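Here is what each chain is made of, one letter per residue.
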Amino acid sequence: MSQLSQPFITKFPTDSSYILTQRQTPEYMGANVHPEIFPDAQNIWINDSLWEFLQLEFPKDSPDFPAAQNLPKHIQPYATAYAGHQFGNWAGQLGDGRAIYAGEIIAKDGEAYELQWKGVGATPYSRFADGRAVLRSSIRECLMSEAMFHLGVPTTRCLSLALTGENVLRDIMYDGHPAYEKGAAVVRVAPSFLRFGHFELLAARNQESLLQKLADDTIERYFPEITNRNSTNNPYLALFKAIVEASVEMLVGWYRVGFTHGVMNTDNCSILGLTIDYGPYGMLEEYNLNYTPNTTDLPGRRYAFGRQAEMMQWNLLQLANAFVLLTKEGQELEKLLDYFGKLFWERFDEMMVQKFGLDSVLSNDAEWVKNWQNMMSENQLDFTLFFKALEDWREENSSYEAFPVASISYLPENLINKNQIHDFLVSYMDRLNSNKISLKESLTMMRKNNPWFVLRNYQLFECAKELEAGSDASFKELMKALERPYDKPDPHLTLKRPAKYSDTPGCSMLSCSS
Ligand code: AMP
Ligand code: MG
C-alpha cells in the first residue's frame, strides 16, 4: 500500500485558502480545493489491474475515492493554473476547471503517478462553469483513454468511473435547449498532467524563476537522462527536444489508429506526449483527411485528422515562445521545430510501411501513399476495415475482384470506383515484390500495427444511452474488446458504422458540451 502525497503544493506557490471563487491567481501556480460532497455517489467501473498496480490505500468497493468523498486528512486536493492557445488565439489563464488532483502515488514499478478526479466540482479555474462532467462524456474519456492504452498509443489512463448521484444541466446543441443529464466523475492517472499551457502561463506572466523551477523539476522527474548529459548542453533545449520527440511518437500513434483529437489547443497538449483531455474526438471511419468530429472546429477544420501534425508543430511553436525565456536561444528552438517536421515524416513513413507489411521505406513511397489516400477517400473506405481486408486478401491469395469493397465502403456500391481500387492493389502487389521478408512475417507485422477493434463514436453513443438507462452490458462488452484490440472480436463489433448514425448529433459530430 502506498499513500498519496501532494509534493506540488509544497514545491510551487499554491493558494491554500480553499476559496473556490473563480479568479486569476497571478502569484500562484495552483490552489487547494475541496471536492463537492456527493452523498449518493455510486461506482460504475473500477480498473482492477490499474488499482492494484497503483497500490492504492482505499477499499475498492466503496465510491469514496472514485467520487472524492470522505477523504483522509493527508490528502490536500488541488487544482493547477495553466494557460493556452485555443483555436489559434491566446486565451490567457485557464487551469483545471473541473479536474482536481488527489496527488501522486508510487506504483509497483517504483515510479510516481498523478491521480486526478474529473467532474467533482468547481475550482478557482472553472471560469463560470460548474466543474461537473456528465455521464456521456465521462464514459467517452474512460473508454477511449483505456482503448488508446491497449492500442499502444501514449495516453493518460482511467482508474474509475462513478455516478455522482447528481443531475447536471447541459445544452448539448448550444441551441438554448438545456436538459438535465446524469453527473459522473472519472479518476484519471498519468505520470504527469503537465501541459504546454503550464509553461505558457509562467512565460506570459514573466515569472522566469518559477518557469525555470518548473522546467528543472520536469527534467528531474521525467527526463532524468538530460541532467546526466554533459554540462555544455543547454538542459532546456534538451527538454524541448524531448518534448518534440514525445509529441511525434504520440502523433504517429494517432495516425496509425485513426485517432482525431478534435481540440488540440495548447492547454490540451501534454508535456510528456500523452493523449490527454478526451472530448469531441473521433476515430477515422471513411478515410478523409478533412475529418473533424468537433462541431466547434467545423468552420475552419483546424484540427482535422490530416492537419494534426501541422497543428502540433504550431503548438510547439507556442511552447518554444515560452522556452525562449529559459534557453535564450531562439534559433536553436527554431531548428527543433524543423526537426519536429523532419522526424514526424520519417516516423510516419515507417509507420505506414508497417501497416502495409513492407520491410522498409522506399524513396517513392510518399507518392504511393498519396495515391492510396486518394483511392481511400474517393471511395470512402473505412480506414480500420481496409487494412484488415488487405491482410485477409493477401493471406487467402484472392483475386483482385474478391477484395471486399462493398463491406468496407460508405458509398453505394454503384458509386465505388472498382478500377481505382484494382489499380491500387496491383501497385501494392508490385511494391510487395521488393519485400525481403516472407508473407508470414509481413502479415505478422501488419497484424501488430492494424487493430481489429477501434472504438467508434456510434458505439460510444449507444453505450452512453444504455448506461443512462441503467444497463452496463454494452460498456462491459466494449471494455473487453478494447483490452485486446488486435484480436478479432465478435463480428458485430467490427462492422462499419451503420448508415443511421451518419447524421446523428452526439454521434457523427460532437460538441464540447460535456
Ligand atoms: P477543454 O477545451 O474541454 O479542454 O476546456 C477548456 C477549459 O475549460 C479548461 O480549463 C477546462 O478545465 C475548462 N472547463 C471545461 N468544462 C468545464 C466545466 N464543466 N466546469 C469547469 N471548467 C470547465
Ligand atoms: Mg482541456
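Residues numbered from 1 in each chain as written. Chains lettered and ligands numbered in written order. Predicted model: local features only at pLDDT ≥ 70, side-chain atom pairs only at ≥ 80, totals over all residues. Heavy atoms only, no water.

Engineer: Would you explain empty space enclosed by the protein in this entry?
Structural biologist: Rolled over the atoms, a probe with the dimensions of a water molecule shows which regions are left empty. Within this structure, the stated rule accounts for two cavities of 30 Å³ or more. Lining of the largest cavity is provided by 17 residues; of these, Phe-8, Phe-12, Glu-114, Leu-194 and Asp-217 occupy positions nearest its centre. Mapped onto the lining of the largest cavity, the elements with two or more residues apiece are α1 (7–11), β4 (78–80), β7 (99–106) and α5 (208–222). With four residues, the top contributor of residues to the lining of the largest cavity is α5. Approximately 40 Å³ is the volume attributed to the second largest cavity. Every element with two or more residues in the lining of the second largest cavity is listed here: α9 (330–355) and α10 (365–378). Counting contributing residues, the lining of the second largest cavity receives three or more from each of domain 2 (197–354) and domain 3 (357–449). (1 Å grid on protein atoms, 1.4 Å probe; cavity = no way out; pocket = protein on both sides within 12 Å on 5 of 7 lines; lining within 4 Å. Points joined across faces, edges and corners; volume = space filled by probe spheres on them. Helix = DSSP H or I, 4+ residues; strand = E, 2+ residues; numbered from the N terminus. Domains from an automatic or database assignment.)

Engineer: Please clarify how the coordination of the magnesium ion (ligand 2) should be interpreted in this entry.
Structural biologist: For the magnesium ion (ligand 2), the full set of protein donor atoms is Asn-268 (OD1) and Asp-277 (OD), at a range of 2.0 to 2.2 Å. The buried category is assigned to Asn-268, whose relative accessible area is 12%. (Donors = N, O, S within 2.8 Å, 3.2 Å for Na, K, Ca; no water. Buried < 20%, exposed > 50% of the residue type's maximum accessible area, 1.4 Å probe, protein only.)

Engineer: How should I be thinking about the domain arrangement of the chain in this particular structure?
Structural biologist: Quoted interface sizes are often the accessible area lost when the parts come together. Taken domain by domain, the chain holds domain 1 (7–193), domain 2 (197–354), domain 3 (357–449) and domain 4 (457–501). For domain 2 versus domain 4, the separation of C-alpha centres amounts to 31 Å. Facing seven residues of domain 2, the contacting portion of domain 4 comprises five residues. For the pair domain 2 and domain 4, the two sides together bury roughly 440 Å², of which 23% comes from carbon and sulfur. Between the two partners, domain 2 and domain 4, sit two salt bridges. Two residues, Arg-497 and Glu-286, come together in a salt bridge whose shortest N-O distance is 2.9 Å. (Contact = heavy atoms within 4.5 Å. Buried area = accessible area lost by both parts, 1.4 Å probe. Salt bridge = Lys/Arg side-chain N within 4 Å of Asp/Glu carboxyl O.)

Engineer: Sorry if this is basic, but what is going on with the packing of helix α4 (residues 196–204) against α5 here?
Structural biologist: Helix-helix packing: each pair is described by the crossing angle between the helix axes and the interaxial distance. Taken N-terminus to C-terminus, the directions of α4 and α5 make an angle of 155°; their axes are 9 Å apart at the nearest point. One way to sum up the angle between α4 and α5 is to call them roughly antiparallel. Every residue of α5 that contacts α4 at His-198, Phe-199, Leu-202 and Ala-203 is listed here: Leu-210, Leu-211, Leu-214, Ala-215 and Thr-218. (Axes fitted to C-alpha atoms, helices over the stretch in contact; angles between N-to-C directions. Parallel < 35°, antiparallel > 145°, perpendicular 65-115°, else oblique.)

Engineer: So what exactly am I meant to see when it comes to the pairing of strand β10 (residues 157–170) here?
Structural biologist: As a general feature of sheets, a regular strand has side chains that alternate between the two faces. By the criterion of burial, β10 is predominantly enclosed, with ten of the 14 residues buried. Relative to β10, strand β3 (residues 42–46) runs antiparallel, the two sharing four bridges. From the neighbouring strand, Asn-43 faces β10, where its bridge partner is Ala-162. Pairing of β10 with strand β11 (residues 179–190), which is carried by ten bridges, proceeds in the antiparallel orientation. Its bridge partner being in β11, Leu-161 is matched across the sheet by Val-186. (Pairing = 2+ DSSP bridges.)

Engineer: Is there a simple way to explain unusual backbone geometry in this structure?
Structural biologist: The general pattern is negative phi for most residues beyond glycine and trans for most peptide bonds. The backbone phi angle of Phe-128 is positive, close to 70°, even though this residue is not glycine. The exposure class assigned to Phe-128 is exposed, which follows from its relative accessible area of 82%. The backbone of Gln-380 sits at a positive phi, close to 45°, despite the residue not being glycine. On the secondary structure map, Gln-380 appears in the loop between α10 and α11 (383–395).

Engineer: What exactly am I supposed to notice about the packing of α5 against helix α7 (residues 235–257) here?
Structural biologist: Relative orientation of the contacting elements α5 and α7 amounts to 60°, with a least axis distance of 11 Å. Here α5 runs over α7; the crossing is left-handed. Of α7, the residues touching α5 (which contributes Gln-212, Ala-215, Asp-216, Thr-218 and Ile-219) are Pro-235, Tyr-236 and Leu-239. A class-by-class count of the residues in the contact of α5 with α7 yields five nonpolar, two polar and one charged. (Left-handed = near helix turned anticlockwise from the far one by under 90°. Nonpolar A, V, L, I, M, F, W, Y, C, P; charged D, E, K, R; others polar.)

Engineer: Mind showing me how you'd approach the side chain of Gln-373 here?
Structural biologist: Of note, Gln-373 is situated in helix α10. Given the relative accessible area of 13%, Gln-373 is considered buried. The contact partners of Gln-373, leaving out residues within four places of it in the chain, are Tyr-287 and Leu-289.

Engineer: How should I be thinking about the pattern of salt bridges in this particular structure?
Structural biologist: Side chains that differ in charge, positive against negative, can pair when their charged atoms come close. Within the structure shown, the criterion is met by 34 salt bridges. A salt bridge links Glu-36 to Arg-132, with the nearest nitrogen and oxygen atoms 3.7 Å apart. Here Glu-36, found in the loop between β2 (30–32) and β3, pairs with Arg-132, found in the loop between β8 (112–118) and β9 (133–134); they are 96 residues apart in sequence, far enough to count as distant.

Engineer: Is there a simple way to explain the pairing of β11 in this structure?
Structural biologist: A large share of β11 lies buried, amounting to nine of its twelve residues. In the sheet, β9 pairs with β11 via two bridges, with the strands oriented antiparallel. Within β11, the residue paired with Ala-133 across the bridge is Ala-184.

Engineer: Help me understand the site of ligand 1 in this model?
Structural biologist: Lining the immediate surroundings of ligand 1 are 17 residues, of which Gly-95, Gly-97, Arg-127, Gly-131 and Asn-268 lie closest. Gly-97 is positioned such that a nitrogen or oxygen atom in its backbone is 2.8 Å from an oxygen atom of ligand 1. Note that a nitrogen atom of ligand 1 is positioned 3.4 Å from one of the side-chain N or O atoms of Arg-98. Considering ligand 1 on its own, with 480 Å² of exposed area, one finds that the protein chains cover 80% of that surface. Of the residues belonging to the shell around ligand 1, the class tally is three nonpolar, six polar and eight charged. Residue assignment places the shell around ligand 1 across two domains, with domain 1 (7–193) and domain 2 (197–354) each supplying three or more. (Near = heavy atom within 4 Å. Polar contact = N/O pair within 3.5 Å; in protein donor to acceptor, adjacent residues only side chain to side chain. Areas by Shrake-Rupley, 256 points an atom, 1.4 Å probe, with all protein chains shown as cover.)

Engineer: I'm lost on the nonpolar core in this one. Help?
Structural biologist: Soluble globular proteins: nonpolar side chains tend toward being buried together. Counting 125 residues, the largest nonpolar core has Phe-356, Trp-372 and Phe-386 as the members making the most contacts within it. In terms of residue count, α7 provides more of this core than any other element does, 15 residues in total. When sequence neighbours within four positions are dropped, the list of residues in contact with Phe-386 reads Phe-356, Trp-372, Met-375, Met-376, Leu-381, Phe-403, Ile-408 and Phe-424. Counting residues in hydrophobic clusters, the runner-up holds 32 residues, among them Ile-46, Phe-65, Ala-81 and Leu-201. (Core = buried A, V, L, I, M, F, W, Y, C linked by side-chain atoms within 4.5 Å.)

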